Amino acid sequence: MTTTPTKEGSAAVQARRVLVLNSGSSSVKYQLLDMNDRSRLAIGLVERIGEETSRLLHTPLTGGDAETRERTGRIADHAAALKAAAEELAADGLGLDSPELAAIGHRVVHGGLRFTRPTVITDEVLTEIERLVPVAPLHNPANITGIRTAQALRPDLPQVAVFDTAFHTTMPEYAARYAIDVETADAHRIRRYGFHGTSHAYVSRKAAELLGRTPEEVNVIVLHLGNGASASAVAAGRCVETSMGLTPLEGLVMGTRSGDIDPAVTFHLKRVAGMSTDEIDVLLNKKSGLLGLCGDNDMREIRRRIDEGDERAALAFDIYVHRLKKYIGAYSAVLGRVDAVVFTAGVGENSAPVREAAIAGLEELGLVVDAGLNAVRSGEPRLISPNYARVAVAVVPTDEELEIADQTFALVGRAESAGQEVPVGEVDN
Ligand code: ADP
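Source: prediction; values computed, not measured. (Residues numbered from 1 in each chain as written. Predicted model: local features only at pLDDT ≥ 70, side-chain atom pairs only at ≥ 80, totals over all residues. Heavy atoms only, no water.)

### Regarding the site of the ligand
So, step 1. Taken together, 13 residues surround the ligand, and among them Asn227, Met299, Arg300, Gly346 and Asn350 come closest.
So, step 2. Backbone polar atom of Gly228 to an oxygen atom of the ligand: 3.4 Å apart, as the coordinates give it.
So, step 3. The side chain of Arg300 places a nitrogen or oxygen atom 3.4 Å from a nitrogen atom of the ligand.
So, step 4. Protein burial of the ligand: of its 580 Å² of free accessible surface, 66% is covered by the chains.
So, step 5. Among the secondary structure elements, those contributing two or more residues to the shell around the ligand are helix H10 (299–307) and helix H12 (345–350).
So, step 6. Its residues assigned to classes, the shell around the ligand shows three nonpolar, seven polar and three charged. (Near = heavy atom within 4 Å. Polar contact = N/O pair within 3.5 Å; in protein donor to acceptor, adjacent residues only side chain to side chain. Areas by Shrake-Rupley, 256 points an atom, 1.4 Å probe, with all protein chains shown as cover. Helix = DSSP H or I, 4+ residues; strand = E, 2+ residues; numbered from the N terminus. Nonpolar A, V, L, I, M, F, W, Y, C, P; charged D, E, K, R; others polar.)

Structure below.
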């Protein structure tokens, strides 16, 4: 617990609010949480930053009916975006100048090998996050901008980085290394880092809770199926394998990303199709996956088309599910014993057909889905396997913002004072 000095310098108000910031290249998502009961005080989003059509959506959650306010018109940059968000919060009596604010927690996509846990951001930490830009060129620069902007707004406040990669740093070397020349790999920091770690950590812990066990007692396969998608194998609370790699491109079929592909496809596209590296990058990251296969990346739309007899949509669905099955099988082998397979994120939480199809035919692995339980719509963690099943199948809604807030608040509570450095891992990357 922290006590923040007031402007006059006297310690007064117990600071138990955390602002969570998720800064993308053209958007900022934010949530203000009250850590007394871990409730949301407000949530918001600024999108299309830098364009004429910028938009801010802000929803205060302190009153009865949550009513979303909208601002439209150009918001020039991240600084302006955060300022606009701060104004909206202030209008609800939740201003960022409040002594009740304990810390700002930032989602940072890439922490390399060095950042194995949440870290209070010092100049040295920020320099390290900058050093990782070559391995996360799309994500880390936006995260850094968000951090600098927040620091300018409240220089007195602890800012904490919570890394998407951190949960995966426990992967054994034989899972994290690509089978390429070691010197080349090390010179360019090429290895499998994994992403969505905050979600995998939260969901695997919640799954253990749902089974009435501690995380140390269970082995879990987590399937995070959003627009981006990744699987992880979590043994006794520690990640031992995950599907994303050096970048979020590897692994499952995603909304717009291909996932696993023969790397020689890229040489072929270059040599035979005459495409540039950038064009191939865009093809595999933005124009592939479900979108590339059938022209839609929203699972709702794909299911609607399948119901109307659309064969391209049906094939896209089958490819998506086939890849999922391969990962469930592979991770069952990696873990040896599986206690639960857990679905989460937009598709995983909402698409009963995906869950049913991914588990269908896996009875030999102890996996069965109960059609009735699978059809239930709920925002709560729940089992969708029948009582007799050897392995539980579950749906656990993810909550990355709550996990970031929890980790931020726990760290600030431990560190007791703003800016205090905490251990950031042993390996210099
Ligand atoms: P991200 O955070 O990666 O943008 P989300 O976890 O919010 O993604 O998931 C977004 C995706 O979830 C959508 O693209 C859509 O395919 C899927 N989705 C959302 N709601 C539903 C639903 N009711 N049924 C099926 N799929 C859904």
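What follows continues from the structure just given.
### A short note on empty space enclosed by the protein
So, step 1. With the rule as written, the count across this model stands at one cavity of 30 Å³ or more.
So, step 2. Taken as a whole, the largest cavity holds about 40 Å³ of empty space.
So, step 3. Together, Leu21, Ser23, Val28, His78, Leu82, Gly146 and Thr149 line the largest cavity.
So, step 4. Secondary-structure elements contributing two or more residues to the lining of the largest cavity are strand S3 (17–23), helix H1 (78–91) and helix H3 (140–153).
So, step 5. Grouping the constituent residues of the lining of the largest cavity by class yields three nonpolar, four polar and no charged. (1 Å grid on protein atoms, 1.4 Å probe; cavity = no way out; pocket = protein on both sides within 12 Å on 5 of 7 lines; lining within 4 Å. Points joined across faces, edges and corners; volume = space filled by probe spheres on them.)

### Looking at the sheet that holds strand S14 (residues 340–344)
So, step 1. Read across the sheet, six strands follow the order S13-S12-S11-S14-S16-S15 without closing on themselves; strand pairing throughout is mixed. Each edge of the open sheet carries a strand with a single partner, namely strand S13 (238–242) and strand S15 (382–383).
So, step 2. Strands strand S11 (219–225), strand S12 (229–235), S13, S14, S15 and strand S16 (392–395) of the sheet are contacted by helix H6 (residues 197–210), whose axis makes an angle of about 130° with S11.
So, step 3. Here helix H13 (residues 352–359) sits on the sheet in contact with S11, S14, S15 and S16, set at roughly 150° to S14. (Pairing = 2+ DSSP bridges. Contact = heavy atoms within 4.5 Å. Axes fitted to C-alpha atoms, helices over the stretch in contact; angles between N-to-C directions.)

### Thoughts on the packing of aromatic side chains
Here a ring pair, both rings aromatic, is described through the centre-centre distance and the interplanar angle of the planes.
So, step 1. Here the structure, examined in full by the defined rule, presents two aromatic pairs.
So, step 2. Measuring from ring centre to ring centre gives 4.6 Å for Phe115 and Phe163, while their planes differ by 10°; the resulting arrangement is stacked. Taken together, the positions of Phe115 in the loop between strand S8 (101–108) and strand S9 (119–120) and Phe163 in strand S10 (residues 159–163) put the pair 48 residues apart, joining distant regions of the chain. Comparing Phe115 with Phe163, the two get one shared label, buried.
So, step 3. Summarising the aromatic geometry, the rings of Tyr327 and Tyr331 are spaced 5.5 Å apart at their centres and angled 90° between planes, so their arrangement reads as edge-to-face. With Tyr327 and Tyr331 both in helix H11 (residues 311–335) and four residues apart, this pair spans about one turn of that helix.
So, step 4. Given a relative accessible area of 12%, Tyr327 falls into the buried group.
So, step 5. Given the relative accessible area of 3%, Tyr331 is considered buried.
So, step 6. Taking NZ or CZ as reference, Arg303 lies 4.7 Å from the ring centre of Phe317, over its face. (Phe/Tyr/Trp six-rings, centres within 6.5 Å; stacked < 30°, edge-to-face > 60°. Buried < 20%, exposed > 50% of the residue type's maximum accessible area, 1.4 Å probe, protein only. Lys NZ or Arg CZ within 6 Å of the ring centre and 35° of its normal.)

### Some words on the confidence of the model for the protein chain
So, step 1. Here the protein chain averages 92 in pLDDT, while 93% of its residues score no lower than 70.
So, step 2. Throughout residues 1–12 the model reports pLDDT below 50, and contacts reaching past four residues in sequence, or to other chains, amount to 22 contacts.
So, step 3. Low pLDDT, under 50, characterises residues 416–429; the predicted model gives this stretch 34 contacts beyond four residues in sequence or across chains. (pLDDT = per-residue confidence, 0-100.)

### Focus on the pairing of S3
So, step 1. Counted residue by residue, S3 has seven buried out of seven residues, so it is predominantly covered.
So, step 2. Side-chain alternation along S3 places Arg17, Leu19, Leu21 and Ser23 on one buried face and Val18, Val20 and Asn22 on a second face that is also buried.
So, step 3. Remark: four residues form the turn of the hairpin made by S3 and strand S4 (residues 28–34), two consecutive strands paired antiparallel.
So, step 4. As defined by bridge partners, S3 adjoins S8 across five bridges and the pair is classed as parallel. Its bridge partner lying in S8, Val18 is registered against Ala103.

### Some remarks on unusual backbone geometry
So, step 1. Even without being a glycine, Arg38 presents a positive backbone phi close to 60°.
So, step 2. With respect to the helices and strands, the residue Arg38 is situated in the loop between S4 and strand S5 (39–47).
So, step 3. Residue classification places Arg38 among the partly exposed positions, given a relative accessible area of 39%.

### Section: the pattern of salt bridges
So, step 1. All chains considered together, the criterion is met by 31 salt bridges.
So, step 2. Among the charged side chains, a network of salt bridges with common partners joins Arg69, Arg71, Lys83, Glu87, Glu88 and Asp92. (Salt bridge = Lys/Arg side-chain N within 4 Å of Asp/Glu carboxyl O.)

### Re helix H2 (residues 123–131)
So, step 1. Of all the positions in H2, only Val125, Leu126, Glu128 and Ile129 are classed as buried. Buried residues of H2, viewed axially, fall in a sector of 155°; they line one side.
So, step 2. Summarising the contacts, the buried residues of H2 are in contact with S8, S9, H3 and S10. (Arc of directions from axis to C-beta.)

### Structural notes on the nonpolar core
So, step 1. Within the largest apolar cluster, 40 residues are counted, with the highest numbers of intra-cluster contacts made by Leu223, Leu225, Tyr320 and Val341.
So, step 2. Sorting the residues of this core by element identifies S11, S12, helix H9 (289–294), H10, H11, S14, H13 and S16 as the ones contributing at least two each.
So, step 3. No other element matches H11, which puts ten residues into this core.
So, step 4. Apart from the residues within four sequence positions on either side, Val341 is in contact with Ile221, Leu223, Ile328, Ile359, Leu367, Val391, Ala392, Val393 and Ala394.
So, step 5. Residues Val120, Val160, Ala208 and Ala340 belong to the second largest nonpolar core, which totals 28 residues. (Core = buried A, V, L, I, M, F, W, Y, C linked by side-chain atoms within 4.5 Å.)

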